[in-house]
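Below are the chains, spelled out letter by letter.
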Amino acid sequence: MKFSLPALTLTGVLALGALTACDGNFRRTVDLGGQSTTTTEPSTATTESGTTTPPATGTGAGTATPATFDNGRARTESEANTVQVVKEQQNGLVFISVTESSANSEEAQLRQRLQQQFGIPDTGAQPSQGTGSGFFVNKQGDIITNNHVVEGASEITIKLHDQKEYKAKVIARAPDFDLALIRAENVPAASIQPIPLGDSDQLDVGLKAIAMGAPFGLDFSVSEGIISNLERTVPVGQPTGNRQPVYQKVIQTDAAINPGNSGGPLLNSAGQVIGVNTQILTGGIGQSAGVGFAIPVNTVKRLLPQLQSGKTEVIQPPTLGIQFTDLSGLPEDFRTQNKLPDTGALLQRVYPNSPASRANLQAGTNAVPLGAGNAGEQISTNGDIITAIDGQPVTEGEDLRRAVIGKAIGDKITLSLTRGGQTRQVTVELQAFDFPQQTQQ
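Every chain is numbered on its own, with residues counted from 1 as its sequence reads. Local features in a predicted model are, by the rule used here, given only for residues with pLDDT of at least 70; side-chain atom pairs are given and counted only at 80 or more, and totals for whole chains, interfaces and linings are based on all residues. Only hydrogens and water are removed before side-chain values are computed, so all heavy atoms of the structure are retained for them.

**Q** Help me understand the overall build of the chain, please; the structure alone is not making it clear to me.
**A** Numbering of helices and strands runs from the N terminus; a helix is a DSSP stretch of H or I covering at least four residues, while a strand is a stretch of E covering at least two. Along the backbone of the chain there are seven helices and 27 strands. We call a residue buried when its accessible area falls under 20% of the maximum for its residue type, exposed when it is over 50%, and partly exposed in between, using a 1.4 Å probe and counting protein chains only. Per-residue burial over the chain gives 47% buried out of 441 residues. At a minimum sequence separation of 6, the contacts of the chain that also span at least 24 residues come to 66%. Note on definitions: a residue-residue contact is assigned when non-hydrogen atoms from the two residues lie within 4.5 Å.

See below:
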């Protein structure tokens, strides 16, 4: 079963359960409608001699594994592993600081809106400053971070674990995935230590998770927890300009992640990157409440060749080039009256020269009022209804968006359609498409 957080809307009240991008300079916060998550951890007893007794499991209590000591410092197997991972990979972590010289950049405008909405003091300082984290992915000095860390930056400086600083430049960004690749300049080859990339498809809930980054600007900090959930979906991407954030799968962890951790790696016990830290559920306090989210590393691996090629500064995901209505969100009596199914994507518009247009998908041509309580809103009911993509049912609009954004340009998908009571299948070749105005996928 997939678990999705409810639809997000910006609000002037910091209610319990707010998603915050982990930027050290400002907070991008959206209301989650008061939803909270509570977990209960088993307790561990400590004896006078210093040994630890694990909690009972199954039908019998576990057997204690005595801790060893080294000049007063406990060295359990888990502690030793964490220390080893940190020592081996800390030189692959970088601290990122950015300068925005233009108050008209998307990032600066977003910061201004949040300051006005949430009463965050405006220092009036120009240029604006921001911080985040990142990590080396190859010996050429390429660094992965979050798009929201570097978007709109006029100057980027990275600091290594040896405290030496270097300039960096953006090679390419993938805003819809909140990922960016920057390249450090004039860094000695001996100082570049790539962190190996793992496989996020091979994870299990309960495995160790180690977060590295710069929370609140405290560079090269480490926190530890577990993978809390692998079926969570949250809106990923920048809700600015013509982009709509798309609900995508993320890794949920209780490892402490705070503003400034954005773009830093989430590691497993083998010292491999399993995710890129991106958001936190704050509980309305603007800092870690034990629920953080990371972009799966397999998403990074899929996009990395495009990012490194530098052929385009902004990588666009493929689109269908349509506007649609999510049938599951319509009133039941309206669906019944208009003989519409309970679920599916009802096409309202097919843009000329789009992949959907080339595949002869058709939008509705009539206009039917939704009825009382909907402020005169009208929708077309006689267009194509997308009921499945590659055999997977479209039970809500996000199913369609997630399926398309997970594909590559040039991929072909099979859509199951109903039109006038007739069912058919259509093959569509996905391409990048620039919408003429703000739209949905």
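**Q** What's the story with the pattern of salt bridges in this structure? I'm lost.
**A** Side chains that carry opposite charge are capable of pairing whenever their charged atoms lie near each other. Salt bridge, as used here: a side-chain nitrogen of Lys or Arg that lies within 4 Å of a carboxyl oxygen of Asp or Glu. Scanning all chains against the criterion turns up 11 salt bridges. Residue Glu155 pairs with Lys167 through a salt bridge whose shortest N-O separation is 3.1 Å. Of the two residues, Glu155 sits in strand β11 (residues 155–159) while Lys167 sits in strand β12 (residues 165–174), which places them 12 residues apart along the sequence. As a salt-bridge pair, Arg402 and Glu396 come within 3.4 Å of each other at their nearest N and O atoms. Relative accessible area serves as the criterion here: at 29%, Glu396 is assigned to the partly exposed category.

**Q** What am I meant to see in helix α4 (residues 297–309) here?
**A** An α-helical turn contains 3.6 residues, so a residue and the one three or four places further along point in the same direction. Any helix carries an expected span of 1.5 Å times its number of residues minus one. Here α4 is 13 residues long and its end C-alpha atoms lie 19 Å apart, about the 18 Å a rise of 1.5 Å per residue gives. Those residues of α4 lying buried are Val297, Asn298, Thr299, Val300, Leu303, Leu304 and Leu307. Along its buried surface, α4 packs onto β10 (142–145), β12, β13 (179–184), β18 (273–281) and β19 (291–296). One or two steps after α4, the chain reaches Gly310, where phi turns positive at roughly 65°.

**Q** It is not clear to me how the nonpolar core should be interpreted in this structure. Could you clarify?
**A** Burial of nonpolar side chains together is a common tendency in soluble globular proteins. Within the largest apolar cluster, 29 residues are counted, with the highest numbers of intra-cluster contacts made by Phe135, Ile144, Leu179, Leu181, Leu267, Val276 and Leu307. Elements that contribute at least two residues to this core include exactly β8 (93–100), β12, β13, β14 (208–213), β18 and α4. By residue number, the principal contributor to this core is α4, which donates five residues. Once you skip the residues sitting within four places of it in the chain, Val276 turns out to touch Phe135, Ile144, Asn146, Leu179, Gly263, Gly264, Phe293, Ala294, Ile295 and Val300. Think of a nonpolar core as a cluster: buried Ala, Val, Leu, Ile, Met, Phe, Trp, Tyr and Cys residues, connected wherever their side-chain atoms sit within 4.5 Å.

**Q** Help me understand unusual backbone geometry, please; the structure alone is not making it clear to me.
**A** Note on backbone geometry: most residues besides glycine have negative phi, and most peptide bonds are trans. Even without glycine at this site, Gln163 takes up a positive phi of about 75°. Tracing the backbone through its elements, the reader meets Gln163 in the loop between β11 and β12. Judged by its relative accessible area of 44%, Gln163 falls in the partly exposed class. Positive phi, close to 60°, is recorded for Phe220, a residue that is not glycine.

**Q** Sorry, what's going on with the environment of Gly130 here?
**A** Within the fold, Gly130 resides in strand β9 (residues 128–136). Between the C-alpha atoms of Gly130 and Thr99, which are 31 residues apart in sequence, the distance is 6.6 Å.

**Q** So what exactly am I meant to see when it comes to the pairing of β19 here?
**A** Looking along a regular strand, one sees the side chains alternate between the two faces of the sheet. The buried count for β19 comes to six of six residues, which makes it a mostly enclosed element. Strand pairing is assigned whenever DSSP detects at least two bridges linking the two strands. As paired strands, strand β16 (residues 246–253) and β19 are joined by three bridges and run antiparallel to one another. Paired with Ile251 across the two strands is Ala294, which belongs to β19. Sheet topology places β18 next to β19; six bridges connect them, and they run antiparallel. Note that in β19 the partner of Asn277 across the bridge is Ala294.

**Q** When you look at the packing of aromatic side chains in this model, what are you seeing that I'm missing?
**A** The geometry of an aromatic ring pair is captured by the separation of the ring centres together with the interplanar angle, meaning the angle of the planes. When two rings of Phe, Tyr or Trp (its six-membered ring) have centres within 6.5 Å they constitute a pair, described as stacked for plane angles under 30 degrees, edge-to-face for angles over 60, and tilted for the intermediate range. Under the defined criterion, the tally for this structure stands at one aromatic pair. Both rings, one in Tyr351 and one in Phe433, keep their centres 6.2 Å apart while their planes meet at 50°; by these two values the pair is tilted. With Tyr351 in the loop between β21 (345–350) and α6 (355–358) and Phe433 in the segment after β27 (422–429), this pair connects stretches of sequence that are 82 residues apart. Tyr351 sits in the buried class, given a relative accessible area of 1%. Residue Phe433 is classed as buried on the basis of its relative accessible area of 14%.

**Q** What exactly am I supposed to notice about the environment of His148 here?
**A** Its location among the elements puts His148 in helix α3 (residues 147–150). Separated by 32 residues in the primary sequence, His148 and Ala180 place their C-alpha atoms 8.4 Å from one another. We call two N or O atoms a polar contact when they sit within 3.5 Å, provided that within protein one can donate a hydrogen and the other can accept it, with sequence-adjacent residues counted only if both atoms are side-chain atoms. A polar atom in the side chain of His148 sits 2.7 Å from the side chain of Ser262.

**Q** In this structure, what is going on with the pairing of β16? I would like to understand it.
**A** Across the eight residues of β16, seven count as buried, placing the element largely inside the fold. For strand β15 (residues 221–236) and β16, the ladder comprises seven bridges, and the chain directions are antiparallel. Its bridge partner being in β16, Val234 is matched across the sheet by Gln248.

**Q** Teacher, can you tell me more about the confidence of the model for the chain here?
**A** Every residue carries a pLDDT, the predictor's confidence in it, which falls somewhere between 0 and 100. Scored by pLDDT, the chain has a mean of 78; 72% of the residues are at 70 or more. Averaged pLDDT values for the elements of the chain fall to 32 in strand β3 (residues 29–31) and rise to 98 in β10. Confidence drops under a pLDDT of 50 for residues 1–18, and excluding neighbours within four residues, the segment shows 64 contacts in the predicted structure. For the stretch residues 24–65, pLDDT sits under 50, and the model shows 85 contacts to residues farther than four places along the chain or on other chains.

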